[in-house]
Amino acid sequence: METKATCPYCGVGCGVLIEHDAERISGVRGDPDHPANFGRLCTKGATLHLTARPETRLLHPELRTVRGEARQRVGWDEAIGVAAQRFADVINTHGPDAVAFYISGQLLTEDYYVFNKAMKGLIGSNNVDTNSRLCMSSAVAAYKQTLGADAPPCAYEDFAHADCILIAGANPAYAHPVAFRRIEDAKKARPAMKIIVIDPRRTDTASSADLHLAILPGTDIWLYNAMLHVLLWEGMVDHAYIAAHTEGFDALRDHVRDVTPAVAAQVCGVKAEDIVTAARWWGGSPAAMSLWCQGLNQSAHGTHNGAALIALSLATGKIGRPGCGPFSLTGQPNAMGGREVGGLSNLMSAHRDMANPAHRAEVARLWGVDSVPDTPGLTAVELFRAASEGKVKALWIACTNPAQSLPELELVREALQHCDFVVLQEAYRSTETAPFADLMLPAATWGEKEGTVTNSERRITHVRRALPPPGEARPDWRIVCDFAQALGPLIGKPQAATMFGYDGVEAIFAEHVASTAGRDLDITGLDYALLDAAGPQQWPFPAGTAVADAAARTRLYADGRFPTADGRARFVVPVQSTTVEKVDARYPIHLNTGRLRDQWHGMSRTGKVARLYSHVDEARIELNADDMAVRGVKAGELVKVKSRRGEIVLRAVASSEVRKGQAFVAMHWGRNVLNSAGINVLMAGDFDPYSKQPELKHAAIRIDRVELPHQMLLMRAEDSERAATEHAERLVPWLERFAYASLALAGRDNAAVVMRIAHDQPIPAAWLAELDALIGLDTDDALSYSDARRGISKRALIAGDRLVGLRLAGETVAGAWLRDVMVDQQSTAELRRWLLAPLSAPPAAAKGRGRVICNCLNVSETDIAAAIAGGDDFDALQEKLKCGTSCGSCVPEIRRMVAAGRSAA
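Quick look at the structure, then. (Residues numbered from 1 in each chain as written. Predicted model: local features only at pLDDT ≥ 70, side-chain atom pairs only at ≥ 80, totals over all residues. Heavy atoms only, no water.)

What about the nonpolar core?
- Residues Phe-87, Phe-101, Trp-396 and Leu-487 are the most contacted members of the largest nonpolar core, which totals 124 residues.
- Discounting residues that sit within four places of it in the chain, Phe-87 has contacts with Val-99, Ala-100, Phe-101, Ala-394, Leu-395, Trp-396, Phe-421, Val-423, Phe-483 and Leu-487.
- Judged by nonpolar contacts, the second largest core, of 89 residues, contains Leu-696, Ala-741, Met-755 and Leu-771. (Core = buried A, V, L, I, M, F, W, Y, C linked by side-chain atoms within 4.5 Å. Buried < 20%, exposed > 50% of the residue type's maximum accessible area, 1.4 Å probe, protein only. Contact = heavy atoms within 4.5 Å.)

Next up, the structure:
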């Protein structure tokens, strides 16, 4: 049978049909009727069924009463009772602001709603923040400062109407691939459409653009101001629109008068004529729209980054019409839904203003309480700083992993250790945050929950449950309501029984709907039945709205009226800042961070799928070849990456995407796959004054060679991803023993675990023996070779004629082709004598495939390169190999390979 749901990854909100038998999820496919994706899924979404396995799940509540001891299984009644008593003790002794919730943009809207109500309505504090603070809060603040409300005015269908699309600080080819496919389709249908990409790196998105402005990190505002300068100089602003519908333009006009393209070019590190071209394309296009994401948001002036970009739409009157407007791409599946219910520490339900007494009174009446607090609560970075100082004494974390995702990671770890009581409400048992939890509560996850989500284009989808959660896991909303009902009497608020006495999740949605009446996001015309019958709907959708009139809700502000006191949009004079941290002689390289194509956030879900490592299988730092040459670093060597806060060891890779003096590291890798906490060890906690979003995109770093001569490679193949994942979990505690170590999965239908190690001392024989036993290499029938004088020791295990286990210590040059032999299950009949030989190139009998480019259809870099060498162009590749014909995430990379092949020819 099939059940409708949505993808739990990026904010595109793709519809998914879950194939299942009510006990097990067997497959997924894109929902052809969902207006966000029309059946398309990216590589992550297409493998969701492979993540729905119980072996990595938290199945029962676990509690420890003494720090340092192991948690023990307890029943739900005891777990909720202990949590309520510990929180009550803190509240009664130290006040409500001594407790906090830190929640997630991956919760459903109903979950978000009750968390918000429990903290602000029952406990009486605004200390409820979310990982959306790290993601979208600058976009929220920019929309509110300029347009008056957190309401993205555009829709995906605008891609097909735009004559110019400006993509700033975003790589949707990787981070929002299904949305990017729609942009590619629009470009193919209308080749004259211009695509401008503003990004320090030449990403796959940038390589597809008509114009790429590779600005220096943090210089976005200078660029947009210079573009506005050109629009003014060349008479391309809409003065009539500005006069009728906006305020504050005169001040901004005066501000940009001296920001000429020549001035901005010096600051941004791009050509002045390219800035002029970008401005002319924007100003001369009948319909122009901008897209942005973390490159703008994750900045200490992220709000003004967004405001300066929005000003280009307002100054030219290109908003509220098809193909026009500023469109923030949401980073998480339901960050928008969380914002709607006020799920940040400075927000209130239904876009109400916390500083407005009338708005607070409305929420208090709705919730049946005397009042709600008027002072904004602690935001993400502030919250963990307060916990480290002992000000927050009880902390409830849900569906997020702050020990991997926040900046100032060492301080975060100290905060979690220092906090008196930490609750972790989580689906997965082994996140980086789990060791710090005193109480762990098993939560339902994708495929097991009912509720709603809202995507980037304000479209609400009803998500239905396909099967019950495993073990004793419960829906997030149910856990919160049980806790709130237990807590209420302990803090003198017996009305909690009524406040949280919902008979089901639909009742929570109905209360949320009621809270929106008369607001800009009014959805009083929606309920689950309508969403089921008519499909996902965009807000606003007030009572009496006809489903057939959906076109009227596609985009906002068509009438030129905005949700401000006087109905006018505002121009903001932005700061003239760059990055907080500057490069210098000691730290001369700009570090940029971002996402990979096939992994998601901290990898608690995607990290369990072997094929999602096929494109990038190890944490790495991408550097310009010139920077590597200056430092004497060769591709594949390990380097020490150091900032003013910490250091990590990573493998260096030469990349043509990165300018000289810059570097790139993906955000995903943490202590479950590395011997360090990953890139956020290097990041500062500086944040935007308006949004409080930290500058996670940039740090000044230095790169040094590191001598770790004692290398080792471990691999073990299994007949299932479950077995490989269990092997990986057993190896995680070993990571911290080495100067460098990484864990990954490999393969496709048959998975393998791969551990790479480099150490500054000879690896003790006892450790080798323990690791051999751990992965089943301690058998008499394993092939072995030892050269004690040279410090080389090798073992290989063959089952039938397949290589199933390998350990190379002291010399690992054959690792790459042996990995292919193992995961492709190649016969070892002709290879047996070479398995322990120091061969960097495979023998003729081995078939090396290399990196997989098309994950959907398992087409490798070697396959594609061979076809290009034979004369195939892009169309021929799609016809013969089928690469790029499924989700399309690999299309930009395949086109680059074709172009490179032509150049070489």
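Back to the text.
With respect to the packing of helix H4 (residues 137–146) against helix H14 (residues 302–315)
- Where H4 meets H14, the axes come as close as 8 Å, and the angle between the chain directions of the two elements is 50°. Considering the angle they form, H4 stands oblique to H14. For the pair H4 and H14, the crossing hand works out as right-handed. The segment H4 lies against H14, with Ser-138, Ala-141, Ala-142, Tyr-143, Gln-145 and Thr-146 engaging Gly-302, Thr-303, His-304, Gly-306, Ala-307 and Ile-310.
- Tallied by class, residues from the contact of H4 with H14 come to five nonpolar, seven polar and no charged. (Axes fitted to C-alpha atoms, helices over the stretch in contact; angles between N-to-C directions. Helix = DSSP H or I, 4+ residues; strand = E, 2+ residues; numbered from the N terminus. Parallel < 35°, antiparallel > 145°, perpendicular 65-115°, else oblique. Left-handed = near helix turned anticlockwise from the far one by under 90°. Nonpolar A, V, L, I, M, F, W, Y, C, P; charged D, E, K, R; others polar.)

Some words on the side chain of Asn-116
- Assignment of secondary structure puts Asn-116 in helix H3 (residues 109–123).
- Excluding its chain neighbours within four sequence positions, the residues that come into contact with Asn-116 are Gly-121, Val-128, Val-341, Gly-342, Gly-343, Ser-349 and Trp-367.

Some details on the packing of helix H8 (residues 220–233) against helix H10 (residues 249–256)
- Relative orientation of the contacting elements H8 and H10 amounts to 100°, with a least axis distance of 9 Å. One element, H8, and the other, H10, form an angle in the roughly perpendicular class. Together, Asn-225, Leu-228, His-229 and Leu-232 of H8 and Phe-249, Leu-252, Arg-253, His-255 and Val-256 of H10 make up the contact between the two elements.
- Among the residues forming the contact of H8 with H10, the class breakdown is five nonpolar, three polar and one charged.

Some remarks on the pattern of salt bridges
- Under the counting rule described, the total for this entry stands at 63 salt bridges.
- For Asp-627, the salt bridge goes to Arg-631, with nearest N and O atoms at 3.8 Å.
- Its relative accessible area of 6% is what places Asp-627 among the buried residues.
- One network of salt bridges, in which partners are shared, links Asp-617, Glu-618, Arg-651, Arg-756, Arg-819 and Asp-820. (Salt bridge = Lys/Arg side-chain N within 4 Å of Asp/Glu carboxyl O.)

Quick word on the environment of Leu-797
- Tracing the chain through its elements places Leu-797 in strand E31 (residues 792–799).
- Relative accessible area serves as the criterion here: at 9%, Leu-797 is assigned to the buried category.
- In this structure, the C-alpha to C-alpha distance between Leu-797 and Leu-777, residues 20 residues apart in sequence, is 6.4 Å.
- Setting aside residues no more than four positions away along its own chain, Leu-797 makes contact with Arg-716, Gly-776, Leu-777, Thr-779, Asp-781, Ala-782, Arg-802, Leu-803, Val-804 and Gly-805.

Description of a negative patch on the surface
- Residues Glu-450, Asp-503, Glu-506 and Asp-527 make up a contiguous surface patch of negative charge.
- Within the fold, Asp-527 resides in the loop between helix H22 (505–515) and helix H23 (528–534).
- We classify Asp-527 as partly exposed; its relative accessible area is 37%. (Patch = residues over 30% accessible without salt bridge, like charges linked within 9 Å, V, L, I, M, F, W, Y side chains within 5 Å. Areas by Shrake-Rupley, 256 points an atom, 1.4 Å probe, with all protein chains shown as cover. Lys, Arg positive; Asp, Glu negative; His and termini not counted. Charge placed at Lys NZ, Arg CZ, Asp CG, Glu CD.)

With respect to the packing of aromatic side chains
- Under the counting rule described, the total for this entry stands at 20 aromatic pairs.
- A ring pair is formed by Phe-87 and Trp-396, whose centres lie 5.8 Å apart and whose planes are at 65°; its orientation type is edge-to-face. Linking Phe-87 in helix H2 (residues 76–94) with Trp-396 in strand E14 (residues 394–398), this pair joins segments that are 309 residues apart in sequence. Of the two residues, Phe-87 and Trp-396, both sit in the buried class.
- Looking at Lys-117, its charged tip hangs above the ring of Phe-500, at a distance of 5.3 Å from the centre.
- The side chain of Lys-194 reaches across the aromatic face of Trp-281, ending 4.8 Å from its centre. (Phe/Tyr/Trp six-rings, centres within 6.5 Å; stacked < 30°, edge-to-face > 60°. Lys NZ or Arg CZ within 6 Å of the ring centre and 35° of its normal.)

Brief notes about the sheet that holds strand E2 (residues 15–20)
- The antiparallel open sheet is built from three strands, whose spatial order is E1-E2-E3. A single partner strand is all that each edge strand has here, and the edge strands are strand E1 (2–6) and strand E3 (25–30). For this sheet the average axis-to-axis angle between neighbouring strands, irrespective of direction, equals 30°.
- Two elements, E2 and E3, share five bridges in a ladder whose sense is antiparallel. Each residue of the ladder has a partner; that of Ile-18, found in E3, is Val-28. (Pairing = 2+ DSSP bridges.)

So, the environment of Gly-342
- As for its position among the elements, Gly-342 is in the loop between helix H15 (335–340) and helix H16 (357–367).
- Overall, Gly-342 belongs to the buried group, its relative accessible area being 0%.
- Sequence-distant contacts of Gly-342, defined by excluding residues within four places in its chain, comprise Asn-116, Lys-120, Leu-347, Met-348 and Ser-349.

Observations regarding the side chain of Thr-454
- By secondary structure assignment, the location of Thr-454 is in strand E17 (residues 451–454).
- A polar contact is formed between the side chain of Thr-454 and the side chain of Glu-340, at a distance of 3.1 Å.
- Once residues within four sequence positions are removed from consideration, Thr-454 is found in contact with Thr-109, Pro-333, Asn-334, Met-336, Gly-337, Glu-340, Arg-459, Ile-460 and Trp-539. (Polar contact = N/O pair within 3.5 Å; in protein donor to acceptor, adjacent residues only side chain to side chain.)

Re unusual backbone geometry
- Note that the residue after Trp-539, namely Pro-540, is joined by a cis bond; omega there is 5°.
- Relative to the helices and strands, Pro-540 is located in the loop between strand E19 (537–538) and strand E20 (569–570).
- Positive phi values are uncommon outside glycine, yet Lys-692 reaches one of about 60°.
- For Lys-692, the location among the structural elements is in the loop between strand E25 (662–666) and strand E26 (698–705).

Observations regarding the environment of Ala-744
- Structurally, the position occupied by Ala-744 is in strand E28 (residues 740–747).
- Residues contacting Ala-744, with those up to four places away along its chain left out, are Tyr-613, Asp-617, Ala-752, Val-753 and Val-754.

Note that every value here comes from positions in space, so none of it alone points to a role or purpose.
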